[in-house]
Amino acid sequence: MKLLEERIRRDGTVKSGGVLKVDSFLNHQMDVDLFNAMGEEFLRLFKDVPVTKILTIEASGIGIACIAAQHFHVPVVFAKKAQSINLDGEMYTTKIESFTHRKVYDVIVAKKFLSPDDHILIIDDFLANGCAVNGLIDLIRSAGASVEGVGICIEKGFQTGGDLIRGKGIRVESLAIVDSMDAETGEIVFRPQNN
Ligand code: 5GP
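In what follows, the accompanying structure is described. From a predicted model like this one, the values you see are computed outputs, not experimental measurements.

**Things to note about the site of the ligand**
Moving on, step 1. Taken together, 17 residues lie near the ligand, and Leu-20, Asn-129, Gly-130, Ala-132 and Lys-156 sit nearest.
Moving on, step 2. In this structure, an oxygen atom belonging to the ligand sits 2.8 Å away from a main-chain N or O atom of Ala-128.
Moving on, step 3. For the ligand, an oxygen atom lies 2.8 Å from a polar atom in the backbone of Ala-132.
Moving on, step 4. Coverage of the ligand by the protein chains reaches 90% of its 500 Å² of free accessible surface.
Moving on, step 5. Put simply, the ligand lies in the largest pocket.
Moving on, step 6. Looking at which element gives the most residues to the shell around the ligand, the answer is strand E7 (residues 119–127), with four residues.
Moving on, step 7. Looking at the shell around the ligand residue by residue, the classes come out as eight nonpolar, six polar and three charged.

Structure follows, in structure tokens:
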């Protein structure tokens, strides 16, 4: 998606350790007009699949998931990072290792919000090593629901997440794929996409 690539080039900062900082428009301050264009693009990419719910993870996936949901006209459920797990059987749980915080979280979704009839589209801001998306897939499978696809704003193509998730036979559509980036020069190379 050219609009997103241009914005990343203009306002993104390449940090050491393979981190792309986009907090002026994506995951701290949010450019809602850009989000709306991304939501429209997700609908264009996934219009051929039945979607009954969008699933994301707190916190930075919630904004884009909600705006995308306005185009799909479905509810958004966000998986919560739990402090302590209440083992009353009312929650699906999994563990996710955070790429940015290097910490393992217990992540939960209430059983009442995911059912075997659901067709789920996962939406998140970034795909890096794929832990977050993999955990969300786990929660969906625990509920017996189907994973219709994964929509990502920025995939870091030099990390393993894209191959991991696509290798499971799951469709992943990323609006921008960064193939390489250089913290010294600030250079960012995007993977050419023709859809
Ligand atoms: P993964 O689980 O795929 O390794 O990482 C995905 C999560 O880590 C995303 O939800 C995102 O919040 C965060 N993340 C991963 N890489 C980056 C990055 O380069 N920049 C920012 N801002 N967040 C990232």
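Here the narrative resumes.
**Re the packing of aromatic side chains**
Moving on, step 1. Counted by the stated rule, this structure contains zero aromatic pairs.
Moving on, step 2. The ring of Tyr-105 has Lys-81 sitting right over it, with the charged end atom 5.0 Å from the ring centre.

**Re helix H3 (residues 62–72)**
Moving on, step 1. Burial analysis of H3 places eight of its eleven residues in the buried class, the great majority of the element.
Moving on, step 2. Listed as buried for H3 are Gly-63, Ile-64, Ala-65, Ile-67, Ala-68, Ala-69, His-71 and Phe-72.
Moving on, step 3. Positive phi appears at His-73, one or two residues downstream of H3, with a value of about 60 degrees.

**Here we look at the pattern of salt bridges**
Moving on, step 1. Counted according to the given criterion, the structure contains twelve salt bridges.
Moving on, step 2. Among the salt bridges present, the one from Lys-2 reaches Glu-5, with a minimum N-O distance of 3.1 Å. With a gap of three residues between them, Lys-2 and Glu-5 both fall in helix H1 (residues 2–11), about one helical turn apart.
Moving on, step 3. Note on Lys-2: relative accessible area 59%, which makes it exposed.

Cut-off values and rules
- Residues numbered from 1 in each chain as written.
- Predicted model: local features only at pLDDT ≥ 70, side-chain atom pairs only at ≥ 80, totals over all residues.
- Heavy atoms only, no water.
- Near = heavy atom within 4 Å.
- Polar contact = N/O pair within 3.5 Å; in protein donor to acceptor, adjacent residues only side chain to side chain.
- Areas by Shrake-Rupley, 256 points an atom, 1.4 Å probe, with all protein chains shown as cover.
- 1 Å grid on protein atoms, 1.4 Å probe; cavity = no way out; pocket = protein on both sides within 12 Å on 5 of 7 lines; lining within 4 Å.
- Sits in = over half its atoms within 2 Å of the grid points.
- Helix = DSSP H or I, 4+ residues; strand = E, 2+ residues; numbered from the N terminus.
- Nonpolar A, V, L, I, M, F, W, Y, C, P; charged D, E, K, R; others polar.
- Phe/Tyr/Trp six-rings, centres within 6.5 Å; stacked < 30°, edge-to-face > 60°.
- Lys NZ or Arg CZ within 6 Å of the ring centre and 35° of its normal.
- Buried < 20%, exposed > 50% of the residue type's maximum accessible area, 1.4 Å probe, protein only.
- Salt bridge = Lys/Arg side-chain N within 4 Å of Asp/Glu carboxyl O.

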